[in-house]
Amino acid sequence: MNGNVIVGQSGGPTAVINSSLAGVFRTAIDRGAKTVYGMRYGIQGLLDEMYVDLSDYIKNELDVEILKRTPSAFLGTCRYKLPAIHENQDIYVKIFEILDKLEIECFIYIGGNDSMDTIKKLSDYAILTGKSQKFVGVPKTIDNDLALTDHTPGFGSAAKYIATSIKEVIRDGNGFSYQKQLVTIIEIMGRNAGWLTGAAALAKGEDCEGVDLIYLPEVPFDTQNFIEEVRDLLKTKSTVFIAISEGIRLADGTYVSEAGGGSDYVDAFGHKQLTGSATYLANLINHEIGCKTRAVEFSSLQRSASHLASRVDINEAFMVGGAAVKAADEGDTGKMVVIDRVSDDPYQSATGVYDVHKIANGEKTVPREWITEKGDYVTDDFIDYVRPLIQGDYPCVMVNGLPRHLYLK
Ligand code: F6P
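Remember, it's a predicted structure, so these values are computed and weren't measured experimentally.

A. Highlighting the nonpolar core. I166, I188, I214 and V386 are the most contacted members of the largest nonpolar core, which totals 43 residues. At the level of elements, α6 (155–174), β6 (182–188), α7 (195–198), β8 (239–245) and α13 (380–386) are the ones that each hand at least two residues to this core. Top contributing element to this core by residue count: α6, with nine residues. Both domain 1 (4–153 + 306–362 + 393–403) and domain 2 (155–304) contribute no fewer than three residues apiece to this core.

B. How the structure looks around the packing of aromatic side chains. Under the criterion given, the structure shown has 16 aromatic pairs. Taking 5.8 Å as the distance between ring centres and 45° as the angle between the ring planes, the aromatic pair formed by F107 and Y109 counts as tilted. F107 gets classed as buried once you look at its relative accessible area, which sits at 0%. For the pair Y215 and F226, a centre-to-centre distance of 5.7 Å together with 80° between the ring planes defines the contact as edge-to-face. With a gap of 11 residues between them, Y215 in strand β7 (residues 213–215) and F226 in helix α8 (residues 223–236) connect regions that are remote in the sequence. On the basis of relative accessible area, F226 is assigned to the buried category, the value being 1%. A cation over an aromatic ring shows up here: K68 above the ring of F318, its NZ or CZ 4.4 Å from the ring centre. The lysine or arginine in question, K180, covers the ring of F176, its NZ or CZ lying 3.8 Å from the ring centre.

C. The arrangement of the domain arrangement of the chain in detail. Each assigned domain of the chain is listed here: domain 1 (4–153 + 306–362 + 393–403) and domain 2 (155–304). Put simply, the middle of domain 1 and the middle of domain 2, counted by C-alpha atoms, are 32 Å apart. In this assembly, 24 residues from domain 1 lie in contact with 20 residues from domain 2. Here domain 1 packs against domain 2, burying approximately 1,900 Å² in sum over the two surfaces, 59% of which is carbon and sulfur. Ranking the residues of domain 1 by area buried against domain 2 places R79, I142 and L308 at the top, with a combined share of 34%. One can count one salt bridge joining domain 1 with domain 2. A salt bridge links R79 to D267, with the nearest nitrogen and oxygen atoms 3.9 Å apart. Across the domain 1-domain 2 interface, the total number found is seven residue pairs in polar contact (both at pLDDT 80 or more). Along the lines of polarity and charge, the residues of the side of domain 1 that touches domain 2 split into nine nonpolar, eight polar and seven charged.

D. Structural view of the side chain of D114. Residue position: D114 is located in helix α5 (residues 113–129). Within the buried set, D114 has no salt-bridge partner at all; the shortest N-O distance to an opposite charge, 4.2 Å, is to R191. Here H271 takes part through its side chain, which lies 2.9 Å from a polar atom of the side chain of D114.

E. Seen up close, the sheet that holds strand β3 (residues 51–53). Reading across the sheet, the seven strands line up as β3-β2-β1-β4-β5-β10-β11 and stay open at both edges, with mixed pairing between neighbours. Of all strands in the sheet, those with a lone pairing partner are β3 and β11 (347–355), marking the two edges. The sheet shows a mean angle of 25° between the axes of neighbouring strands, direction not considered. Bridge analysis of strand β10 (residues 335–344) against β11 gives nine bridges, and the strand direction is antiparallel. The partner of I339 across the bridge, within β11, is T351. Together, β1 (4–9), β2 (36–39), β4 (104–111) and β5 (134–139) form the strand contacts of helix α1 (residues 17–30), whose direction differs from that of β1 by roughly 175°.

F. Spotlight on the pattern of salt bridges. Under the defined criterion, the tally for this structure stands at 24 salt bridges. Between E209 and K237 there is a salt bridge; the shortest N-O distance is 3.8 Å. With E209 in the loop between α7 and β7 and K237 in the loop between α8 and β8, the pair connects residues that are 28 residues apart, well separated along the chain. A relative accessible area of 58% means that E209 is categorised as exposed. On the basis of relative accessibility, which here comes to 22%, the residue K237 falls in the partly exposed class.

Each value, and the rule that gives it
Residues numbered from 1 in each chain as written. Predicted model: local features only at pLDDT ≥ 70, side-chain atom pairs only at ≥ 80, totals over all residues. Heavy atoms only, no water. Core = buried A, V, L, I, M, F, W, Y, C linked by side-chain atoms within 4.5 Å. Buried < 20%, exposed > 50% of the residue type's maximum accessible area, 1.4 Å probe, protein only. Helix = DSSP H or I, 4+ residues; strand = E, 2+ residues; numbered from the N terminus. Domains from an automatic or database assignment. Phe/Tyr/Trp six-rings, centres within 6.5 Å; stacked < 30°, edge-to-face > 60°. Lys NZ or Arg CZ within 6 Å of the ring centre and 35° of its normal. Contact = heavy atoms within 4.5 Å. Buried area = accessible area lost by both parts, 1.4 Å probe. Salt bridge = Lys/Arg side-chain N within 4 Å of Asp/Glu carboxyl O. Polar contact = N/O pair within 3.5 Å; in protein donor to acceptor, adjacent residues only side chain to side chain. Nonpolar A, V, L, I, M, F, W, Y, C, P; charged D, E, K, R; others polar. Lys, Arg positive; Asp, Glu negative; His and termini not counted. Pairing = 2+ DSSP bridges. Axes fitted to C-alpha atoms, helices over the stretch in contact; angles between N-to-C directions.

Next comes the structure, spelled out in structure tokens:
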């Protein structure tokens, strides 16, 4: 490589997004990049010429190791939708002026389905106008909803955090089981895909009964049926634990979170902020059945829990970052790196690259056959798919009793 590399982070962060950043940095330097720039706040910050030289922050191997363990987007992130090329060429002219000025050869963007829209548009524009820069995406999202990749970095660690925390929540609730009835509803992120909510099933094992019901967005939610299922469960047990996706919807398409008041906030890609479903349903159960209820919304904790990251996930996140630089350096553009599962036992994976046009803006949901017929739990096939992704840990670098993170002021 003769020129420079620029890398950005975009969309909702994960516990391992910076491991991908570390992978990009390491491979770019190994392949001879003179400078590895980091966009501050993704493409939105780049438009305001906000970028840093990453070697000012990643100075040695310890920094690389700490970066791999640092949650949330080290460089800052954005949810910014580029206009269609024919709608506003000026914005593209500006971006390419900045890339030319910085002598960028490879543009790497770490993100989910919305962020891959940026790779798609920039690579299309470069080809249309004869620009030489290569554009490659690095998959990232706790939602695990990207097409053509077996799974996405960030999902495994969020799944591990969710299963662990649910085991702890169940312990907490069961401590009182002799004294009172308690229904606990746990709300999990993932928008219109139930991958992460399904991971709640991993809590069940020799030392934990697990959750009683799991509701995914892939199956319409029937409120009356839900109340009756809970009522039935309370006939034989005093504590009931239920995992719901933030994206569960009624048969008419209304999000349960909207039914409960929710939030009016809509992002640049038209996604509503989904929040408050657990509180709504907990209040409903309390009103209808009269027992004590508790709502737990993991919210941002589930995507930033690097203290509980999966080793498989951290390593794969690093691997896809490096693979993106390699692909771009070897001439690929308009592509996203994917993870292919090579074997389950022992678990092994490899990287490939796919046309980003087939990935951007799409949503891969949980196949119906991996959800029970009644639509209130996941099948063993689902559990077998997720379990390898939560394996191993990646101990934090502890300083003064707390995990140390790499910090960009
Ligand atoms: O896409 C990742 C994700 O964490 C979703 O699971 C969630 O719905 C969304 O981001 C929340 O986004 P924000 O933090 O911008 O509200």
